[in-house]
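One letter stands for each residue in the lines below.
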Amino acid sequence: MFKTMQELKENCLQCTKCELCKTRTNVVFGVGIENADVMFIGEGPGEQEDLRAEPFVGRAGQLLDKMLFAVDLERGKNIYIANMVKCRPPKNRDPLPQEQDMCIEWLKNQVAIIRPKVIVCLGRIASARLIKQDIKITKEHGTFFEKNGFLLMPMLHPAAILRDPRKKPEALEDFFKLREKLKEL
Ligand code: URA
Ligand code: SF4
């Protein structure tokens, strides 16, 4: 176990536990506030994230930031954002189960330090791994699940909203549900 986020990050930046270390430019550790009430977990870094060493800074990230802003959430202010795998999968393919297995220890340590009240899983990869294997995102997004003392909510991945902008209203609705839940906690 690591005592501080800084110590955890220093170790993670050296990680060579899976093959993704060979093709990365940067380890994309995570960004945000260490005592955040809510943590957002995506899939893995894309091209921009790999280059800039920060999660969700490409087009999907810009959309995510806008939706967060609508409910007074911001990465520099009151949330933490990370991914299931910290290194970019080549050509943005899905991270393999064994890569996720190797990487999840970093995420578990991040969660242990932050102790968020709510964990939002962005998209199928994070939701399947952290909530339940057979999750149906299109049907179950925006609902809360309780697991190991945490509340988890699957959301549509912002990249999926970019591909089909008609999904935007239902995606935003989930952010409003999240805001209401955070008020209760
Ligand atoms: N998509 C993700 O899942 N994570 C990122 O950091 C960027 C895009
Ligand atoms: Fe290590 Fe995770 Fe990067 Fe694989 S993806 S090398 S486990 S930090």
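Throughout what follows, the structure given in this document is the object of discussion.

Parameters at a glance
Residues numbered from 1 in each chain as written. Chains lettered and ligands numbered in written order. Predicted model: local features only at pLDDT ≥ 70, side-chain atom pairs only at ≥ 80, totals over all residues. Heavy atoms only, no water. Axes fitted to C-alpha atoms, helices over the stretch in contact; angles between N-to-C directions. Helix = DSSP H or I, 4+ residues; strand = E, 2+ residues; numbered from the N terminus. Parallel < 35°, antiparallel > 145°, perpendicular 65-115°, else oblique. Left-handed = near helix turned anticlockwise from the far one by under 90°. Contact = heavy atoms within 4.5 Å. Nonpolar A, V, L, I, M, F, W, Y, C, P; charged D, E, K, R; others polar. Core = buried A, V, L, I, M, F, W, Y, C linked by side-chain atoms within 4.5 Å. Buried < 20%, exposed > 50% of the residue type's maximum accessible area, 1.4 Å probe, protein only. Near = heavy atom within 4 Å. Arc of directions from axis to C-beta. Phe/Tyr/Trp six-rings, centres within 6.5 Å; stacked < 30°, edge-to-face > 60°. Lys NZ or Arg CZ within 6 Å of the ring centre and 35° of its normal. Pairing = 2+ DSSP bridges.

**Quick notes on the packing of helix α3 (residues 59-70) against helix α8 (residues 168-184)**
Here is step 1 of the chain: Running from N to C, α3 and α8 point in directions that differ by 45°, and their axes come no closer than 9 Å. When the interaxial angle is binned, α3 and α8 end up oblique. The two elements α3 and α8 meet at a crossing, and its hand is right-handed. Contacts between α3 and α8 pair Leu-63, Leu-64, Met-67, Leu-68 and Ala-70 from the former with Lys-168, Ala-171, Leu-172, Phe-175, Phe-176 and Arg-179 from the latter.
Here is step 2 of the chain: Among the residues forming the contact of α3 with α8, the class breakdown is nine nonpolar, no polar and two charged.

**Points about the nonpolar core**
Within soluble globular proteins, side chains that are nonpolar generally end up buried alongside one another.
Here is step 1 of the chain: Among the nonpolar cores identified, the biggest contains 56 residues, and Val-38, Phe-40, Leu-73 and Leu-178 are the most heavily contacted of them.
Here is step 2 of the chain: With six residues, helix α4 (residues 97-114) is the single largest residue contributor to this core.
Here is step 3 of the chain: Those residues in contact with Phe-40 that sit more than four places away from it in its chain are Leu-68, Leu-73, Ile-79, Tyr-80, Ile-81, Ala-82, Val-120, Leu-122, Met-155, Phe-175 and Leu-178.

**Here's the deal with the site of ligand 2**
Here is step 1 of the chain: Lining the immediate environment of ligand 2, one finds Cys-15, Lys-17, Cys-18, Leu-20, Cys-21, Arg-24, Lys-86, Cys-87, Met-102, Cys-103 and Trp-106.
Here is step 2 of the chain: Across the shell around ligand 2, the residue classes break down as eight nonpolar, no polar and three charged.

**Remarks on helix α1 (residues 5-12)**
Here is step 1 of the chain: Listed in full, the buried residues belonging to α1 are Met-5, Leu-8 and Cys-12. Projected down its long axis, α1 carries its buried residues within an arc of 65°, all on one side.
Here is step 2 of the chain: On its buried face, α1 is in contact with β3 (79-83) and α4.

**Here we look at the packing of aromatic side chains**
Here is step 1 of the chain: Following the criterion strictly, the structure yields two aromatic pairs and no others.
Here is step 2 of the chain: Aromatic pair Phe-40 and Phe-175: ring centres 6.3 Å apart, planes at 15°, arrangement stacked. Taken together, the residues span a long stretch of sequence, with Phe-40 in strand β2 (residues 38-42) and Phe-175 in helix α8 at a distance of 135 residues. The pair formed by Phe-40 and Phe-175 is uniform in burial state, with each residue classed as buried.
Here is step 3 of the chain: Looking at Lys-181, its charged tip hangs above the ring of Phe-144, at a distance of 4.9 Å from the centre.

**Details of the environment of Cys-87**
Here is step 1 of the chain: Residue position: Cys-87 is located in the loop between β3 and α4.
Here is step 2 of the chain: Of the residues examined, Cys-87 reaches a relative accessible area of 9% and is grouped as buried.
Here is step 3 of the chain: Filtering out sequence-adjacent residues up to four positions away, Cys-87 remains in contact with Leu-20, Arg-24, Val-27 and Pro-45.

**A look at the sheet that holds strand β1 (residues 31-32)**
Here is step 1 of the chain: With mixed pairing, the six strands of this open sheet are ordered in space as β1-β3-β2-β4-β6-β5. Strands with a single pairing partner mark the edges of an open sheet, and in this sheet they are β1 and β5 (145-147).
Here is step 2 of the chain: Here β1 runs beside β3; their pairing, made up of two bridges, is antiparallel. By the bridge assignment for β3, Gly-32 is matched with Tyr-80.

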